[in-house]
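Single-letter residue listing:
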Amino acid sequence: MRRTDRLFDIIQILRDGKLHRAQDIADRLEVSVRTIYRDMDTLAASGIPVEGERGVGYMVREAITLPPLTLTAEELEALNLGMAIVAEAADPDLRAAAESLADKIDAVLPIEVISEADAWKFAVYPFADAARGFTHMAPLRAAIKSRQKLDLRYRRIDGTLTHRKIRPLHMEYWGRVWTLTAWCEARDDFRVFRVDLIEDLTPLPELFVDEPGKRLSDYVPD
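Source: prediction; values computed, not measured.

Where do I start with the overall build of the protein in this structure?
Summing up its helical and strand segments, the protein has 7 helices and 7 strands in all. Sequence-ordered secondary structure for the protein, helices as α and strands as β, is α-α-α-β-β-α-α-α-α-β-β-β-β-β. Across the 222 residues that make up the protein, the buried fraction comes to 38%. Contacts in the protein between residues at least 24 apart in sequence constitute 58% of all its contacts with a sequence separation of at least 6. If you sum the accessible surface of the protein, you get close to 12400 Å²; carbon and sulfur atoms cover 53% of it.

This is the structure we're talking about:
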């Protein structure tokens, strides 16, 4: 099972609002308890309202829904993408409607105020903010498919800009925020970038091939 699929399955298990032991979830998904602990940390950092602790159990404290509809992660992703596309339209009425719809959805989704120390987390960014990164989606997908290196101009959380030469490997959606997993040649290591913080990207006339230690299959999140 892919990690993305497992995270989605965990959300479905927790959706009933009951307390679930990590061991029970691990047995159901046929993985180790340690894997579930890491997954819970990832979900919490991504803004999923997970509560609990190791040795006790986990639960979701709020419904992850758009009342009165319950959306799957894929449906929420499609809604986000659709609004971002419409927001780029030349028609001012359609653009205004997309922005209005984004505001309405943000008003009913659970939003939390986070401290400055927690600003790195993915969780609480509204659709309007996440949509900024969608202008980069097409070239990112093309570069991943063609194994083309990219020059990335990226704005860190503290506002500073950095240039990175990367090998783009994979994109994932984390409930309003897309991330890009890449091999960073400057850091000689894997890095995960928030797509909405990419200021600019330039395809380079360089292709790459899979190398041991630099493949997506070699990436192990902290």
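What exactly am I supposed to notice about the pattern of salt bridges here?
Between side chains of opposite charge, a pair can form as their charged atoms come close. Applying the stated criterion across every chain yields a total of 15 salt bridges. Among the salt bridges present, the one from R147 reaches D210, with a minimum N-O distance of 3.5 Å. Within this pair, whereas R147 is found in the loop between α7 (137-146) and β3 (148-155), its partner D210 is found in the segment after β7 (198-207), the two being separated by 63 residues in sequence. For D210, a relative accessible area of 46% corresponds to the partly exposed category. If you follow the salt bridges from partner to partner, you end up with K149, K165, R167, E185, E206, E211 and K214 in one network.

Help me understand the pairing of strand β6 (residues 189-194) in this model?
Bridging between strand β5 (residues 178-184) and β6 involves 6 bridges; their strand directions are antiparallel. Residue C184 lies in a different strand from β6, and its bridge partner there is D189. Hairpin connection of β5 to β6: 4 residues between the antiparallel strands, including D188 at a positive phi of 50°.

Looking at this model, I keep getting lost on the pairing of strand β1 (residues 50-53). Mind explaining?
Side-chain positions along a regular strand alternate between the two faces of the sheet. With 4 bridges joining them, β1 and strand β2 (residues 57-60) adopt antiparallel strand pairing. By the bridge assignment for β2, V50 is matched with V60. Count of turn residues in the β1/β2 antiparallel hairpin: 3 residues, of which G55 carries a positive phi of about 90°.

Just checking my understanding: could you explain the nonpolar core for this structure?
Nonpolar side chains in soluble globular proteins generally cluster together in the buried interior. By size, the foremost hydrophobic cluster in this structure holds 18 residues, and its most contacted members are L140, I166, M171, L180 and V195. The set of elements that each furnish at least two residues to this core consists of α7, β3, β4 (161-173), β5 and β7. Among the elements that line this core, the one with the most residues is α7, at 4 residues. With residues near it in sequence (within four places) discarded, M171 still touches M137, L140, R141, I144, W178, T179, L180 and V195.

Please clarify how unusual backbone geometry should be interpreted in this entry.
A negative phi angle characterises most non-glycine residues, just as the trans form characterises most peptide bonds. For E30, which is not glycine, the phi torsion reads 60° and is therefore positive. Looking at the element boundaries, E30 is found in the loop between α2 (22-29) and α3 (33-45). Positive phi outside glycine occurs at D188, with the angle close to 50°. By the element assignment, D188 lies in the loop between β5 and β6. Residue D188 is classed as exposed on the basis of its relative accessible area of 52%.

Mind showing me how you'd approach the packing of helix α1 (residues 3-14) against α3 here?
Relative orientation and spacing of two packed helices are given, respectively, by the angle between their axes and the distance between those axes. Where α1 meets α3, the axes come as close as 11 Å, and the angle between the chain directions of the two elements is 80°. One finds that α1 runs roughly perpendicular with respect to α3. Where α1 approaches α3, its residues R3, R6, L7, I10, I11 and L14 are matched on the opposing element by T35, I36, R38, D39, M40, T42 and L43.

Would you explain α3 in this entry?
Along an α-helix, residues three or four apart share an orientation, since each turn contains 3.6 residues. In this model, α3 (13 residues) spans 19 Å end to end at C-alpha, consistent with the 18 Å of a helix rising 1.5 Å per residue. Where the residues of α3 are buried, they touch α1, α2, β1 and β2.

Would you mind showing me how to read the packing of aromatic side chains here?
When we look at a pair of aromatic rings, we describe it by the centre distance and by the angle of the planes. The full count for this structure, using the stated rule, is 3 aromatic pairs. On the numbers, 5.0 Å between centres and 75° between planes, the contact of Y154 with F193 is edge-to-face. Here Y154 is found in strand β3, whereas its partner F193 is found in strand β6, with 39 residues between them in sequence. On the basis of relative accessibility, which here comes to 4%, the residue F193 falls in the buried class. Ring plane angle 55° and centroid distance 5.3 Å describe the contact between F190 and Y219, whose orientation is recorded as tilted. Highlighted residues: F190 in strand β6 and Y219 in the segment after β7, separated in sequence by 29 residues. Taking the relative accessible area as the measure of exposure, Y219 reaches 25% and is therefore partly exposed. These aromatic residues form a ring-pair network of at least three members: W183, F190 and Y219.

Calculation notes
- Residues numbered from 1 in each chain as written.
- Predicted model: local features only at pLDDT ≥ 70, side-chain atom pairs only at ≥ 80, totals over all residues.
- Heavy atoms only, no water.
- Helix = DSSP H or I, 4+ residues; strand = E, 2+ residues; numbered from the N terminus.
- Buried < 20%, exposed > 50% of the residue type's maximum accessible area, 1.4 Å probe, protein only.
- Contact = heavy atoms within 4.5 Å.
- Areas by Shrake-Rupley, 256 points an atom, 1.4 Å probe, with all protein chains shown as cover.
- Salt bridge = Lys/Arg side-chain N within 4 Å of Asp/Glu carboxyl O.
- Pairing = 2+ DSSP bridges.
- Core = buried A, V, L, I, M, F, W, Y, C linked by side-chain atoms within 4.5 Å.
- Axes fitted to C-alpha atoms, helices over the stretch in contact; angles between N-to-C directions.
- Parallel < 35°, antiparallel > 145°, perpendicular 65-115°, else oblique.
- Expected span 1.5 Å × (residues − 1).
- Phe/Tyr/Trp six-rings, centres within 6.5 Å; stacked < 30°, edge-to-face > 60°.

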